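Working through the structure, step by step
One-letter residues, chain by chain:
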Amino acid sequence: LANYAIARKELQVKEIECAHLREEAARHAQEVDELHCQVTEFVAKERDQTKPLLEELVKERAASRETVQALTNQVRGLNDQMEDWKARLANAERRNDEIKSQSARQ
């Protein structure tokens, strides 16, 4: 009978420990759920904040490419004009030398 009473008391102690462990597990599960919600909200917030910035960056990059292309075309045009002026100058100098040479002969 004494063993039965001891076993019964040990069973009650174990049941109380199990109840405390279940409560602790429930608290931990609640904490995990809260943390999961926080992480989900954070990720959504970051995504919502990052997406417009990335879209703006893409637009700015495209505009920069267009500007660079326009400037490149402008530089090519100026180089072409410079080559044309060099050719005209060389032609004018050659004619000037011809005129000087004809004048010297006369």
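Refer to the preceding data block for the structure.
Residues numbered from 1 in each chain as written. Predicted model: local features only at pLDDT ≥ 70, side-chain atom pairs only at ≥ 80, totals over all residues. Heavy atoms only, no water.

What follows deals with the overall build of the chain. Counting its regular elements, the chain contains one helix and zero strands. On C-alpha atoms alone, the chain measures out to a radius of gyration of 45 Å, which is more than a quarter above the 13 Å that the 2.2 N^0.38 rule sets for 106 residues. The dimensions of the chain, computed from C-alpha atoms along their principal axes, are 150 × 25 × 10 Å. Relative to its 106 residues, the chain shows a buried fraction of 0%. The positive charge centre, built from 18 side chains, and the negative charge centre, built from 21, are 8 Å apart in the chain. (Helix = DSSP H or I, 4+ residues; strand = E, 2+ residues; numbered from the N terminus. Rg over C-alpha atoms; globule rule 2.2 N^0.38 Å. Buried < 20%, exposed > 50% of the residue type's maximum accessible area, 1.4 Å probe, protein only. Lys, Arg positive; Asp, Glu negative; His and termini not counted. Charge placed at Lys NZ, Arg CZ, Asp CG, Glu CD.)

Side chains of Val 39, Phe 42 and Val 43 sit close together on the surface and give an oily, nonpolar patch of about 290 Å² of accessible area. Relative to the helices and strands, Val 43 resides in helix α1 (residues 2–105). (Patch = residues over 30% accessible without salt bridge, like charges linked within 9 Å, V, L, I, M, F, W, Y side chains within 5 Å. Areas by Shrake-Rupley, 256 points an atom, 1.4 Å probe, with all protein chains shown as cover. Salt bridge = Lys/Arg side-chain N within 4 Å of Asp/Glu carboxyl O.)

All told, the structure shown has two salt bridges when counted by the stated rule. The partner of Glu 83 in a salt bridge is Lys 86, and the shortest N-O contact between them spans 3.8 Å. In this pair, Glu 83 and Lys 86 both sit in helix α1, three residues apart, roughly one turn of the helix. For Glu 83, a relative accessible area of 47% translates into the label partly exposed. Note on Lys 86: relative accessible area 47%, which makes it partly exposed.

We now examine the packing of aromatic side chains. The tally for this structure, following the rule as stated, stands at zero aromatic pairs. Sitting above the plane of the Trp 85 ring, Arg 88 keeps its charged end 5.0 Å from the centroid. (Phe/Tyr/Trp six-rings, centres within 6.5 Å; stacked < 30°, edge-to-face > 60°. Lys NZ or Arg CZ within 6 Å of the ring centre and 35° of its normal.)

With respect to the helices and strands, Lys 51 occurs in helix α1. Classification of Lys 51 by relative accessible area gives exposed; the value is 52%. On a C-alpha basis, the gap between Lys 51 and Ala 5 in space is 68 Å, while along the polypeptide they are 46 residues apart.

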